[in-house]
Structures are given as structure tokens and as C-alpha cells.
2 protein chains.
Amino acid sequence: MTYKKIKGGVCAPKGFLGGAVSCGIKNLKDPRTDLALVYSERPCVSAGTFTTNRVKAAPVKVTQAHMRAEELRAIVANSGNANACTGVRGIEDARTMAKTVAKELGIKQREVGVCSTGVIGLPLPMDRIAPQLSELPSHLDSKGSAAVAKAIMTSDTTMKQVAITTEIDGRKIRIGACAKGAGMICPSMATMLCFVTTDANVSKVCLQKNVLEAVETSFNRICIDGDMSTNDTVLVLANGAAGGKTIARGSKACRQLRDALQHVLLKLAKACVKDGERITKFVTLQVRGARTYLDAKKVAEAIAQSALVKSSWNGNDPNWGRIIHAIGYSRARIREEFIDISYEGKLACEGGLMAKTPVKTLRDIAAKDQFTITIDLHQGKADYALYTSDISPEYIDFNRSEYAYWKNAGLG
Amino acid sequence: MTYKKIKGGVCAPKGFLGGAVSCGIKNLKDPRTDLALVYSERPCVSAGTFTTNRVKAAPVKVTQAHMRAEELRAIVANSGNANACTGVRGIEDARTMAKTVAKELGIKQREVGVCSTGVIGLPLPMDRIAPQLSELPSHLDSKGSAAVAKAIMTSDTTMKQVAITTEIDGRKIRIGACAKGAGMICPSMATMLCFVTTDANVSKVCLQKNVLEAVETSFNRICIDGDMSTNDTVLVLANGAAGGKTIARGSKACRQLRDALQHVLLKLAKACVKDGERITKFVTLQVRGARTYLDAKKVAEAIAQSALVKSSWNGNDPNWGRIIHAIGYSRARIREEFIDISYEGKLACEGGLMAKTPVKTLRDIAAKDQFTITIDLHQGKADYALYTSDISPEYIDFNRSEYAYWKNAGLG
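From a predicted model like this one, the values you see are computed outputs, not experimental measurements.

Caption draft 1: Summary view of the overall build of chain A. For chain A, the helix and strand inventory stands at 12 helices and 17 strands. For a compact globule of 412 residues, the expected C-alpha radius of gyration is about 22 Å, and chain A comes in at 22 Å, within 12% of that figure. Taking all 412 residues of chain A together, the buried fraction comes to 61%. Counting only contacts in chain A whose residues sit at least 6 apart along the sequence, the fraction spanning at least 24 positions is 81%.

Caption draft 2: Up close: the domain arrangement of chain A. Residue and element names in this part refer to chain A. Domain boundaries assigned for chain A yield domain 1 (4-274) and domain 2 (282-391). Using C-alpha coordinates to define each centre, domain 1 is positioned 34 Å away from domain 2. Looking at which element gives the most residues to the side of domain 1 that touches domain 2, the answer is helix α6 (residues 252-274), with four residues. Across the side of domain 1 that touches domain 2, the residue classes tally to six nonpolar, one polar and four charged.

Caption draft 3: Spatial organisation of the packing of helix α2 (residues 87-105) of chain A against helix α3 (residues 126-135) of chain A. All names here are of chain A. For the pair α2 and α3, interaxial distance at closest approach is 9 Å and the crossing angle is 20°. It follows from the interaxial angle that α2 and α3 lie roughly parallel. Judged by the sense of rotation from one axis to the other, the crossing of α2 with α3 is right-handed. Every residue of α3 that contacts α2 at D93, T96, M97, T100, V101 and E104 is listed here: M126, L133 and S134. Here the residues of the contact of α2 with α3 sort into four nonpolar, three polar and two charged.

Caption draft 4: Region of the structure containing the sheet that holds strand β7 (residues 160-168) of chain A. Residue and element names in this part refer to chain A. A sheet is described by the order of its strands in space; here six strands give the open sequence β1-β7-β8-β9-β11-β4, paired in mixed fashion. Whereas interior strands pair on both sides, the edge strands pair on one side only; in this sheet they are β1 (4-5) and β4 (45-50). When β1 meets β7, the two strands line up antiparallel, connected through two bridges. Bridge pairing in β7 places K5 opposite I164. The strands touched by helix α1 (residues 58-69) are β4 and β11 (233-238); relative to β4, the strand with the most contacts, the crossing angle is about 145°. Packed on one face of the sheet, helix α5 (residues 204-216) meets β4 and β11 and runs near 30° to β4.

Caption draft 5: Structural context of the packing of helix α5 (residues 204-216) of chain B against helix α6 (residues 252-274) of chain B. Residues and elements named next belong to chain B. Running from N to C, α5 and α6 cross one another at 40°; their axes reach a closest spacing of 9 Å. As judged from the angle between their axes, α5 and α6 are oblique. Between α5 and α6 lies a crossing of right-handed hand. On the side of α5, the interface is formed by C206, N210, V211, E213, A214 and V215, while α6 contributes C254, L257, R258, L261, Q262 and L265. Classifying every residue of the contact of α5 with α6 gives eight nonpolar, two polar and two charged.

Caption draft 6: Looking closely at the confidence of the model for chain A. Considering every residue of chain A, the mean pLDDT works out to 90; 93% of them sit at 70 or more. Taken together, the chains of this predicted complex give a pTM of 0.82 and an interface ipTM of 0.78.

Caption draft 7: The environment of I323 of chain B, seen in detail. Residues and elements named next belong to chain B. Of note, I323 is situated in helix α9 (residues 320-329). Classification of I323 as buried rests on a count of 26 C-beta atoms within 10 Å. It is 6.3 Å that separates the C-alpha atoms of I323 and V309, two residues lying 14 residues apart in sequence. Those residues in contact with I323 that sit more than four places away from it in its chain are I303, V309 and I341.

Caption draft 8: Structural view of the pairing of strand β16 (residues 370-376) of chain B. Residues and elements named next belong to chain B. In this sheet, β16 lies alongside strand β12 (residues 282-290) in parallel orientation, the contact comprising seven bridges. Its bridge partner lying in β16, F282 is registered against Q370. Pairing of strand β13 (residues 340-343) with β16 involves four bridges; the strand directions are antiparallel. Note that in β16 the partner of I341 across the bridge is I375.

Caption draft 9: Focus on the sheet that holds strand β9 (residues 193-198) of chain B. Residues and elements named next belong to chain B. Strand order in this open sheet of six strands is β1-β7-β8-β9-β11-β4, and the pairing throughout is mixed. Where the open sheet ends on each side, the last strands, each with one partner, are β1 (4-5) and β4 (45-50). Pairing of β4 with strand β11 (residues 233-238) involves six bridges; the strand directions are antiparallel. Paired with A47 across the two strands is V236, which belongs to β11.

Caption draft 10: Examining unusual backbone geometry more closely. Residue and element names in this part refer to chain B. Of note in this structure, E344 is not a glycine but carries a positive phi near 50°. By the element assignment, E344 lies in the loop between β13 and β14 (346-350). For E344, a count of 16 C-beta atoms within 10 Å puts it in the partly exposed group. Of note in this structure, H378 is not a glycine but carries a positive phi near 50°. Along the chain, H378 falls in the loop between β16 and β17 (382-389).

Caption draft 11: Representation of the nonpolar core. With 266 residues, the main nonpolar core has A177, V299 and I327 of chain A together with A177, V299 and I327 of chain B as its most contacted residues. Not counting the four nearest positions on each side in its chain, V299 of chain A is found in contact with V287, A290, I327, S330, A332, I375 and L377 of chain A.

Caption draft 12: Up close: helix α2 (residues 87-105) of chain B. All names here are of chain B. Counted at 1.5 Å a residue, the expected span for α2 with its 19 residues is 27 Å, and the 28 Å between its end C-alpha atoms agrees. Buried within α2 are the following residues: G90, D93, A94, M97, A98, T100 and V101. For α2, the angular spread of buried residues about the axis comes to 160°, placing them on one side. Of the residues trailing α2, G106 is marked for its positive phi of about 70°.

Caption draft 13: Quick look at the pairing of strand β2 (residues 16-21) of chain B. All names here are of chain B. A large share of β2 lies buried, amounting to five of its six residues. Summarising the sheet, β2 and strand β3 (residues 35-40) pair through six bridges and their orientation is antiparallel. Bridge assignment links V21 to a residue of β3, and that residue is L35.

Basis of the calculations
Residues numbered from 1 in each chain as written. Chains lettered and ligands numbered in written order. Predicted model: local features only at pLDDT ≥ 70, side-chain atom pairs only at ≥ 80, totals over all residues. Helix = DSSP H or I, 4+ residues; strand = E, 2+ residues; numbered from the N terminus. Rg over C-alpha atoms; globule rule 2.2 N^0.38 Å. Buried ≥ 20, exposed ≤ 12 C-beta atoms within 10 Å, placed from the backbone. Contact = placed C-beta atoms within 7 Å. Domains from an automatic or database assignment. Nonpolar A, V, L, I, M, F, W, Y, C, P; charged D, E, K, R; others polar. Axes fitted to C-alpha atoms, helices over the stretch in contact; angles between N-to-C directions. Parallel < 35°, antiparallel > 145°, perpendicular 65-115°, else oblique. Left-handed = near helix turned anticlockwise from the far one by under 90°. Pairing = 2+ DSSP bridges. pLDDT = per-residue confidence, 0-100. Core = buried A, V, L, I, M, F, W, Y, C linked by C-beta atoms within 7 Å. Expected span 1.5 Å × (residues − 1). Arc of directions from axis to C-beta.

This is the structure in C-alpha cells:
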């Protein structure tokens, strides 16, 4: 399969529009946009994955309920407030967001997905949002990709969008997507919103299966700080505008669409890590030779979540001792004497002991912005890849206080 | 039960001696002591708990083997090098430490416990240690408590020792102990060494049971950075010098001894948190109303290990949103609408929603050096307490690199 990168993001596939406005959700004086809308001119089939956190934000609950009843064809999203831990009022606010937009668009309330990202625990300032909600649809534009991608940013420093075109069953299809990341990023979904659009003509079941599989090998493979958010959502809308035969589950075309989706999501997932809060390094962990997939996963996640390992990466220190100690407490079945650890193919630890590679060679690799650490457990055939980052003193500093936000909400 | 604090540490109980020397293990120019010995003039019964990390340091393996064969009556310990991931040579070095000391003391090799703490992955510099090992017993002194407590320190900033006296079965007994902590501190044992001595006349089975129970509610209840070390060891020697009837398992006296042990260990465990690497706050997490003990524990540990929660404590931010999000991903059975979170009894979150306590009141509490956060899940009767700390930018900075150490070992 070849994927050709094309311009734009969620509006790149045929028949999708996007737009955004500014409500001053976080701060009335902030001119940045914080309310976005994605809309398909045609009906869609839709699929999604959501946070596995047992504390779910109101928009997650509302969107899940909508998707059980109808296919989504629009997504309304705000940044600056997560609408989480806001009780009955939070549910009502999320519903109001869907209802107002649906009325203007002339579609059903349940055809609108709702997403929020930002601070937990404060009700949405609906007095600021409501007047903009009815305005929002008038900003829809086929060139609105960047407007959407920008409006959902929180502590992100760059907007994240990607669009590709590829050929499936002899027909050209397009996939566009945008995402936001930055903090609270951990496997099993993150503080992360991702909207994907495609004009492929695909069956509901094929799309659902594909989304689960593509998320498992992209967004579920990244870890910045090990914190799992209450709002994580990936939503995929497919409107069939590319025409052709419906892509059915189990077909070669369905697998090709999955691979294309995975390609797009992995690009965005990696972009989320690279834009992680105050990170300085992008580290790929490649675990090999585990007894089972789950063992490989445990090893990768224990390493990626160790504060000591992440601190050593920040210091350009190829500290394999801290890596092996994290492997030891991962609860995976391992034997110390069989463990090899290498940096970009250079052995740092061989059979559980210091290898012969000069420390200088390893230090040069650990000083790079990006490197791969391979852990071979020599216990079996299972492997797992995880994309992660260091942790910096600046991360802690950045996350010390959200007080400015509360003060702005008049609660100081 | 009343416990009277007395002077000293491991040498406070009758018949125990301690001493330390300097080998320059970490750095030849460093004049600090780094090799310690504890010895009982009389035979002992002994018990211990060890790291559950699957990567175990050589001295842990050697001490466990010794304890299966004999009762310990001496402990030799070094700081500056963990003797972990050092293969067959590491085992030989640990055995040499026991053997040399045993020979000088005229006891069996297997009556000596061996402990190491420090950097992982480098063999012990036996050329520096060996000459001092045979010297070491000549430094034994009944006033050697502080010498032992100081020699096992690594990144600790203060020595940690405690001694008490109490009355059991109408007879005065003494318990003394010292510990080292600082980094890699996590529930299920830490990078932590703790030596306990008592002159109580106690049966082996009573002592073993008591140690397990006392560790479970002290050292297993602390968390600094969530990293579990390869070397954690608690060793308890009881020499019966206080005389009287042997304290048997199941007796009231046995439970009283357990409570006294728990009192001593909890003091040291809390001291380890307070001296955690570059921490600024001591936080007690009190989880209540969980369905099961395990659920309560999961909630406490998820909170204590969240980088975002720990960062907010560093910033004096009473950020209950981050706490509830960690509760949500803890995998404990919870219902968001039932969760209460309070700071020193002041509700920050009630029924999953922001409570009415003014933010200023909560901020004043979060600005203190020490405070208690109570989480009531309202799901059942189980509870769990955990002692933890914030994470600071300085922690990351401090742990960025162990390169100086490697360089010193001629491997830079």
C-alpha cells in the first residue's frame, strides 16, 4: 500500500466541512478559538473508542449514548474545560452543545458527537459558549481543517493534522484527521481527542473493527506521563463520497482501509508524544522475545512509566540499570540472565550484565533527540512497541498549578 | 501499650554491637563510611522481608539462602554499589563479604546477612572492599548505632534510626533500628534497607509473622517515586538478652511485640518519605469506604504514583480533579457520584462534584509541609493509608545522570 500525503486534515476527504469560533472559555481575554465543528454534507457511518477511565467526562457519556442510537455526521468540540465531574449539569451542557448545533444544521441531536478537553471539575461557562454555538455552523468551510485542529489545542504547542490519499479496490479514497495531546498521555487512550474523516464507502462493522485495531497499535502505544484522562476520544466518520462498492468486513479492502487508518493514527500519535509537555526526547521502546503479548506490553509500560528511567533520558544517560529494574517489577515473566538491552542496536546489557559497548558510544546515542531502545527477553516470540518520552524538570514546573484557571473562573 | 523512646538505634538493645569503615566504594576520595556491620554477642532468631522485584540483587539472593539454613546474628552492608545485575561474580562477592566477616567473628558464614545499596550494574570494587572487611569487626562497639546508620546512607540527607523500650509480659525489652531510603521508593518494599534488633526473647515463628505484618503496614505503605528497587531488605535479629519466657506465636505478648515493631518501622518508613529525594511535602492518603482492602489500596497507589497529582502538590494546588481522574484509572470499583475528597477534613469534592469549601481554604492547607487527604468512596467498609510525597523539578534534575559514577569507575 502506498499512501500519498495531501494538504489539510479533517476537511480533505470529499464532503467534509470544518469551522471554529472563539468563546473565551478559559479566559475571556484570550482571542484563541476554542469551539470547533466538523460536519459531513452526507450521512455517515461512524465508530469510536473512548477512555477506559471509570471517571468519564459528560461529553464521553453523551457521545456514547448518541452513537448507540444513530450514526454521527457532525462533531462539536471545545477546549479549555473538560466538562468532567460536573454531574447532571455537565450532561445537560453536553446535550445542549449537540442540540444547538443539530438544530442549525437540520440534523438529529444524536447525529452530533460532543467532545471537551481541558480542566476537570468546573462546569462549562455556558453563558459564553451558548451564543457562539448557534453561530458556529455558519463558519463551516471546506478549507476548515486547520481551524478545527487549532481550536482543540490546550497545552499543545503545534496543531496536529494529517491527510492522505490511497487506492482501495481501484478507487481513490481520502482520510483526514486531527488530534490534540500534550499531557495526561498514557496507553489505553489519553487526554486526547482525535477526529478522523474519510470519504471511503465502508460498512459500519468494517469501520468499527478497523478503528479498534488501528487505535490499539497507535494511540494505545504512546505514553508521556502515565496519566489516563477522563475525556479521551477517537471518532471516525465515513461518508462514502468516494463512491464504489461498500467495503465489507473480512474483505481485503477492509484490511487495506485498516492499514491506511493505522498509518494516519500512528502519525498523529507520534506527533502527540513529540509535542508532549516540556519533553526533550522521543524514545521508541521495542520489546522482543516475550512469552506473551501481555508480558511484552507490561515490560514496555513499566519502563515508559518509571520516573527514574524518564529522568535519566532527560540527562542523556544510557542507564540500563534503571531499565532492568523496571523490567523486574513489571510483573512480566522474565529471567534476569536472559535480558539484552540495546540502544540503536548497540548492546548496553547482555544476558543481564554490562555489555562491552563503550559507555561513550551509548552516551552519544542517548544524547540524540530520538532513539530506539530494544529489549530482548529471550523468553518467547511476542513483541510490543511503545512510543514515549523523557520527563523534564520543566514538566513538573508546568504542571504545578492550575490556580490561574480557577482564579479566572472567579473561584480564587 | 506505651513506647519510650531511648537513645541510639541498632545497638540500643542489650548485646548488640555495630561499627563501620570507609572503603571509597563510590569514590576513592570520599571519606564517608560505606561498609557497616551489626553483630549480636549471643545467638539470635532472625526474620526478614525482601524486594518482590524479579530482578534481585546478589546480596538479596545470598541472604535469602543463608536464612533458609541458619539464624542470622550479623549483618554486613555496603552503600554506593547495589551489587545488582552482576551475575556469578556478584554472588561470589556477596559470599566473600559474609565469609570474611564470619571468619573474624568466629561464626558461620550463613549466620551473616549481606546487603548492598547504590548503583545497579557494576561489580563491587572488591579490591577496595576486601582489605577493610577483615578490619571491620575490630570496629564493633556497643555505641556503634550511628556509625551503622550513617554508613548505609546514599542520597539520604539525614541518618534514620530509632530505638524504644517497652514492657512485654512484665519484662522490659528494647527495639532498635536504622534505615536508608531516598529514591526508588514504592509500595511492596523500596530501595530500602532496614535493620532491626531486639533483645526480646521471642520464638522464630512469632518473629517471622510479626515482621511480615509490621512491614505491610509501614514500609509497604510508602511511595516516593513509584519505582521498586532490586535490593530492598528488612532484617530483624532477636537475641533474647532481655530474658524471660520465650514469646510464642498466638500469645498476647506476640501481638504486643508486633505492635511495638510496627511502631518502630512506621517511624522509619515515614522518615524515609520525609527525606525522599528533593521532596517538599509529606502527604498522607487515607482511603475509606472501599469495597475491599485491595480496591482501597489501588486507589491510594494510583494517586500516589500520578505525576500530575504529585506535580500539583509541589505547586500547593489542591487539585481534586487530578485526584479523581487517578481514582478513575486505578481499576478499583468506584462510582464517580459517590466520591468525597477532603483536605484535612475540608471537602474539596463532594459526590463527585466541586464542594462548597472556598478554594482559598483548600489552598492554605495544600501550602503546608504536611497534610492529609481523605478519599471516601462510599462503596463499603475497607480502608487503606499510604504515606507519600510530591515530585519536584529538582527530583528530575537530581536523577538525570549517574554518569559521574560510571566515569569514576573508569568506564566514561
